[in-house]
Amino acid sequence: MASQSDPTADPKRFDVSKGTLRLDNFMTHFIKVGGVGIILAVFAIFLFITWQVLPLFESAKVQEEAVIETGVADFQLVGVDEWGELPFMVDIAGDFTFVDIKRVDGETLVLGPLGVYKVTPKFADEVTFTAANYHSKSEEVIFGASDGRYTLVKVEYKPVFDDRGERKIEAKLKADKFYPLGKGLGAVRVIDYYDADKDRLVAALVEGDSGLETRATTFQRKKTPFGVGPWKPAKEYDLTSQIEGHPIKVLVTGQGNGVLVSTREGSVYSFLINQGEISLEQVFQPFEGLENPEIGSMDWLLGNESLVFTSAVGDNVIFAQYLPELTPEEEKAGVERKRQFTEINQLPKLDGPADLYSHSMRNRAFLLGSGPEASIRYGTTGVVRWEKSLDFTPKAGILGSRYETMLLADDTGRLHFYSIHDPHPEGGFKAFFSKIWYEGQNEPKWIYQSSAADAETEPKFSMVPLIFGTLKGTLYAMIFAIPIALLAALYTSQFLKPEYKKVVKPMMEIMASLPSVVLGFLGALWLAPIIDTRFPSIMLIMFFLPLTALIVGYGWGKLPQRYRLYLRPGQEFLIFIPLLIGIALIGWNLGPWVESWAFVYTNPDTGVATGDFRLWWPEHTGVSYDQRNSLVVGFMMGFAVIPIIFTIAEDAMSNVPQFLTSASLALGASRWQTAKRVVLPTASPGMFSAIMIGFGRAVGETMIVVMATGNTPIMDWNIFSGMRTQSANIAVELPEAPKDSTHFRILFFGALLLFVMTFVVNTVAEVARVRLRNKYKTVG
Amino acid sequence: MTTAAPSESPAQTISSPDEQYIQVKDFSFWYGSSQVIFDQTFDMPKQKVTAFIGPSGCGKSTLLRCFNRMNDLIDGIHHTGDVQVGGESIFDPMLEVISLRKRVGMVFQKYNPFPKSIYENIVYSLRVAGRSKKSELDEVVERSLRSSALWDEVKDRLQDSALGLSGGQMQRLCIARAIANQPEILLMDEPCSALDPVATGKIEELIHSLKRQFTIVIVTHNMQQAARVSDRTAFFYLGKLIEYDETQKIFMNPEKSQTEDYVSGRFG
Ligand SMILES: Nc1ncnc2c1ncn2[C@@H]1O[C@H](COP(=O)(O)OP(=O)(O)OP(=O)(O)O)[C@@H](O)[C@H]1O
Ligand SMILES: [Mg+2]
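Residues numbered from 1 in each chain as written. Chains lettered and ligands numbered in written order. Predicted model: local features only at pLDDT ≥ 70, side-chain atom pairs only at ≥ 80, totals over all residues. Heavy atoms only, no water.

## Topic: the interface of chain B and chain A
Contacts between the two partners involve 29 residues from chain B and, on the opposite side, 30 residues from chain A. For the pairing of chain B and chain A, the buried interface totals around 2400 Å² over both sides, and the portion due to carbon and sulfur atoms is 64%. Considering only the surface of chain B that becomes buried against chain A, P115, Y124 and V128 of chain B emerge as the three largest contributors, covering 22% of it. Taken together, the links from chain B to chain A amount to zero salt bridges. Residue contributions to the side of chain B that touches chain A peak at four residues, all from helix α3 (residues 118-128) of chain B. Looking at the side of chain B that touches chain A residue by residue, the class counts come to 18 nonpolar, three polar and eight charged. (Contact = heavy atoms within 4.5 Å. Buried area = accessible area lost by both parts, 1.4 Å probe. Salt bridge = Lys/Arg side-chain N within 4 Å of Asp/Glu carboxyl O. Helix = DSSP H or I, 4+ residues; strand = E, 2+ residues; numbered from the N terminus. Nonpolar A, V, L, I, M, F, W, Y, C, P; charged D, E, K, R; others polar.)

## A word on the UniProt feature "domain: ABC transmembrane type-1" (unreviewed entry) in chain A
Under the UniProt annotation, "domain: ABC transmembrane type-1" (unreviewed entry) lies at residues 467-765 of chain A. Along residues 467-765 of chain A the backbone is 76% helical and 2% strand, and the end-to-end C-alpha distance reaches 19 Å. (UniProt positions renumbered as here; feature names shortened; annotations may be inferred.)

## Here we look at the pattern of salt bridges
According to the stated counting rule, one finds 48 salt bridges over all chains in the structure shown. R200 of chain A is the salt-bridge partner of D195 of chain A, the closest N and O atoms lying 2.6 Å from each other. Accessibility expressed as a relative area gives 27% for D195 of chain A, which makes it partly exposed. For R200 of chain A, a relative accessible area of 2% puts it in the buried group. E136 of chain B serves as the salt-bridge partner of R131 of chain B, at 2.8 Å between the closest nitrogen and oxygen. Beyond isolated ion pairs, a larger network of salt bridges with shared partners links K501, K505, E509, E650 and D651 of chain A. (Buried < 20%, exposed > 50% of the residue type's maximum accessible area, 1.4 Å probe, protein only.)

## Quick notes on the side chain of S630 of chain A
Residues and elements named next belong to chain A. As for its placement among the helices and strands, S630 is situated in helix α10 (residues 630-654). There is a polar contact of 2.6 Å between the side chain of S630 and the backbone oxygen of S721. In this structure S630 touches K472, Y476, N718, I719, S721, G722 and M723, once residues within four positions along its chain are discounted. (Polar contact = N/O pair within 3.5 Å; in protein donor to acceptor, adjacent residues only side chain to side chain.)

## So, the domain arrangement of chain A
Residues and elements named next belong to chain A. Splitting chain A by domain gives domain 1 (56-71 + 290-444) and domain 2 (464-776). Each of domain 1 and domain 2 was reduced to a C-alpha centroid, and the two centroids are 49 Å apart. Taken together, the contact between domain 1 and domain 2 spans seven residues of the former and nine residues of the latter. Between domain 1 and domain 2, a total of about 670 Å² is buried, with carbon and sulfur atoms accounting for 76% of that surface. The largest contributions to the domain 1 side of the interface with domain 2 come from L56, H424 and F433, which together make up 64% of the buried area. Our count for the domain 1 to domain 2 interface comes out at zero salt bridges. Counting every contact that joins domain 1 to domain 2 gives four residue pairs in polar contact (both at pLDDT 80 or more). A per-class count over the side of domain 1 that touches domain 2 returns five nonpolar, one polar and one charged. (Domains from an automatic or database assignment.)

## Focus: the site of ligand 1
Residue and element names in this part refer to chain B. Surveying the vicinity of ligand 1 reveals the residues Y31, V36, S56, G57, C58, G59, K60, S61, T62, I74, E190 and H221. A distance of 3.0 Å separates an oxygen atom of ligand 1 from a polar atom in the backbone of G59. Between K60 and ligand 1, the recorded distance is 2.8 Å, taken from a side-chain N or O atom to an oxygen atom. Notes on ligand 1: free accessible area 630 Å², of which the protein chains cover 62%. For the shell around ligand 1, the class distribution of residues is four nonpolar, six polar and two charged. (Near = heavy atom within 4 Å. Areas by Shrake-Rupley, 256 points an atom, 1.4 Å probe, with all protein chains shown as cover.)

## Some details on helix α4 (residues 464-494) of chain A
Counted at 1.5 Å a residue, the expected span for α4 of chain A with its 31 residues is 45 Å, and the 43 Å between its end C-alpha atoms agrees. By the largest-angle criterion, A481 of chain A marks the main kink of α4 of chain A, which is about 30°, and a proline, P483 of chain A, follows within four residues. (Expected span 1.5 Å × (residues − 1). Bend = angle between axes of the 7 residues up to and from the residue.)

## Comments concerning the pairing of strand β13 (residues 211-220) of chain A
Consecutive side chains along a regular strand alternate between the two faces of the sheet. Residue and element names in this part refer to chain A. Extensive coverage of β13 is indicated by the burial of seven of its 10 residues. Pairing between strand β12 (residues 199-208) and β13: 10 bridges, direction antiparallel. Looking at β13, one finds that V202 is bridged to T217. The loop that links β12 with its antiparallel partner β13 comprises two residues. Judged from the six bridges that link them, β13 and strand β16 (residues 232-238) form a sheet pairing that is antiparallel. Bridge pairing links T218 to K235 in β16. (Pairing = 2+ DSSP bridges.)

## Description of the nonpolar core
In terms of nonpolar packing, the biggest core is built from 51 residues, with I531, F613, F635, I645, A649, M653 and F720 of chain A touching the most fellow members. Elements with a contribution of two residues or more to this core: α4, α6 (516-558), α9 (613-621), α10, α12 (671-700) and α13 (703-708) of chain A. Broken down by element, the residue count for this core peaks at 14 residues, all from α10 of chain A. Residue contacts for F635 of chain A: discarding those within four places in its chain leaves F480, L527, I531, I538 and M542 of chain A. In this structure, I53, L150, A178 and I207 of chain B belong to the second largest nonpolar core, which totals 48 residues. (Core = buried A, V, L, I, M, F, W, Y, C linked by side-chain atoms within 4.5 Å.)

## Quick word on the UniProt feature "transmembrane region" (unreviewed entry) in chain A
Residues and elements named next belong to chain A. Summarizing the sequence annotation, UniProt attributes the feature "transmembrane region" (unreviewed entry) to residues 30-54, 473-491, 512-531, 537-557, 573-591, 631-649, 678-699 and 744-765 in the numbering used throughout. Across residues 30-54, the secondary structure splits into 96% helix and 0% strand, with the terminal C-alpha atoms separated by 35 Å. Annotated as 100% helix and 0% strand, the span residues 573-591 places its first and last C-alpha atoms 26 Å apart.

## Focus: the UniProt feature "domain: ABC transporter" (unreviewed entry) in chain B
Per the UniProt record, "domain: ABC transporter" (unreviewed entry) is found at residues 22-263 of chain B. Taken as a whole, residues 22-263 of chain B contains 38% helix and 27% strand, while its terminal C-alpha atoms sit 24 Å from one another.

## Considerations on the sheet that holds β12 of chain A
Residue and element names in this part refer to chain A. Pairing in this open sheet of four strands is antiparallel, and the strands run β11-β12-β13-β16 from one edge to the other. On the outer flanks of this sheet lie β11 (188-195) and β16, each paired with one strand and no other. For this sheet the average axis-to-axis angle between neighbouring strands, irrespective of direction, equals 20°. In the sheet, β11 pairs with β12 via seven bridges, with the strands oriented antiparallel. Among the inter-strand pairings, I191 is bridged to a residue of β12, identified as A204. (Axes fitted to C-alpha atoms, helices over the stretch in contact; angles between N-to-C directions.)

Put into structure tokens, the structure is as follows:
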């Protein structure tokens, strides 16, 4: 017996089994790899998103690809096809010199087989041209002649494929007839035109009897099912007398219903044709206040809404029309609101006035040249995309219509070919975060409007309305959720009898796992109509419920012990809940009555007064009322967030060591005093985490917002309007954003902002939580 | 008040509530369906120290927690019989538990200061009673700390966190906190079990000086401690009160052999 129980009997008894060690080792590494893997995965996602977003912040890359000698030195203008392979130069004789360009191996540019060749359009008459102007949108050159007439030459580009399947660009020139601008006119000096469907407006500076005259002439043509008829002169306007100073440039406005004339003295005259009458609408000085207000250049941006000006010394501004607010006096006098030009953007200065200008046909980018300096700028944001002082002085230049090529011609007839790599000129910090005065707006604003109708409408990519929407949705949800969730957690952990708690807690946890699409669906189709028709009821209930709770709670505490005996502590809800339901019912039924009494809306047309909150609210507050509004989102997102906050906060409160609550109770504190003085401070780090996790959930919540609001990216705190959140924006727009487009990357940028937002919130929360925990840490 | 001659009075007799301050009458107690206190009847005299001794699990703490109804927090308890403090039943439905707990202070086995300053710990019972006059609080803090022999050690750091004190200091702080509102009774459940001999000695001295003011009930596993600090000793076994008498008698000349075995360390 003794020898059997001898501790030396089994020499292996101190050994550790290899299996245990191996498993321990394996698990240690497994856990390590798992942890590091998760960190790496999150980091990789972050890197991927950043990598998608970075191109938005890059400036343009412009590279000289080739220089080709054409020998044409006396050209007036240059033009180029969409592919940048068959540019042309036009001289004042009306000859077009085409330059055939080929790309070898898709890389280097060389002169193609056709080389440099000259084509003269078949003009209807022999005349001397005195002015020429190229519209790259319609690919037409308008020529003004010395006899006061003009003609248009259309450059018809067409891609053709040869036997080997290689693409070649061919061009045909089609010259129109000559049309007179008026009677007894001399040489045309400056000319511009605009073709609408059946109307054409030509504006020109023409030599006349009294020197240089400013003329505007309209033409009309018939359209029949068999084709269009010829242009017939319709009306002539002589604007000369209305202009003071020396006109130097004319432009026709975007709708073909107005003429802008700039003078050497620095003024711009804006004329509007309305029902056959022309009137001077506005005279403005783009460089008013400058020592030298002279205008160096005046040109349209894409869409003919914005005017790009340079001053004689190189200041660069953009003007656009807006509808100014009337002063009260003007309103009294019955002044009509008129669209006016105003400065919407100021860009960095050039060295001198622009002597070449071209705008992109894709976006708001434009090219300015001043002396040897060339600059590509973006109109919407006013940012310089690219700028270089060249080793030659370009005389004319043009941006390829796809904004991928640039052509500069110097005065010796050399053509310089450039490639432009600038896929996202719309991007940048200014575009995303600054107020921008967009065309057609009355002031600088933060606007998000990604899907423009066409290339001529500028896309608006401000992130601010989306961030605002995210915060607005989150805020309303949190206002609703935090008090309910925290109070419920406090009640459940400190007051409710444990046997009921066993039921309540799992129920809340199930609620937390409710898919948010269900909540969104309920919000949109069930709650929104209820709130819509019964808002006064809801308001009454929301007001009366907490009030009743407070009054009843207070009264209960004041009740003598002998009445309170009927309910054990922790069971008070048995009388409380029926009472609250009763109050809710009363509020519900009182609502329509209150509505008909307090929210009376009088129809201005019929004079009929009805109690309707939906009409009353916009009338009395001036802000809109939508059915799917922030209140619905607040409720529904609140419901999504409440279980999360509740569960975590309840855990934190239940985990307050019992020795602390016992100590408090033993010192004669009531349950509420214990909760307030001991439980809440001690659990505050946990409660803080709970709120922050709820906040994170609300910030990232997508489906509820997508379904329960109108998703309009507006910026106001009005509780009866909707919002568009960052995450909803991604969900709604990603399917329609082409991969790698600016829009696509901007959605990724939104994702990055969300990422950063949650990261910052979580970090701040963690720091605060640690500090709270240190403050309220307990013994043991 | 102090003229009663305990040596003459036999155990388990009910005399006037003035002298026999806590009176336990036919008291039984159940956690759910398991009975842990069996039909106990005895009285504890005013301004004396009564020690509860007995093996682990015999219901000492349970009985002690009944005196200030801390057991109320536990689900499924019930009792029969009665406990009276100063002649009033503590189970009287008309009695406010809060006011009972103000009369019956408690010091726990493990020191449990609040994560607040020393000052705030001590004035807690006054604050929850709605008393917040600065001069009054200051006075209470000083008096309580002096009574618990902590004043000299902490008087310069009253606003520091109580958690910075040593274990013995924290336990004395808890005593100071329990006596701040001047209860009539002080319940102590193994107040020295987490302390070293020096700190224990200090607490014992403290108990000696406190009994002039308070009626003290102390649970202890330390026989010497019971012998040193208490006037009367109750020995429990398996939920039953086996013997209750003058401490000297219990330790020198117990009537029951179980008691003798236990106090002499020959037990179980
Ligand atoms: N909250 C409770 N619920 C159920 N049973 C309990 C509870 N607290 C104590 N008990 C049981 O009641 C009996 C008495 O416990 P009690 O804590 O009073 O013993 P004790 O004498 O203080 O022991 P010790 O000396 O170890 O502190 C034990 O059997 C214990 O298991
Ligand atoms: Mg115990």
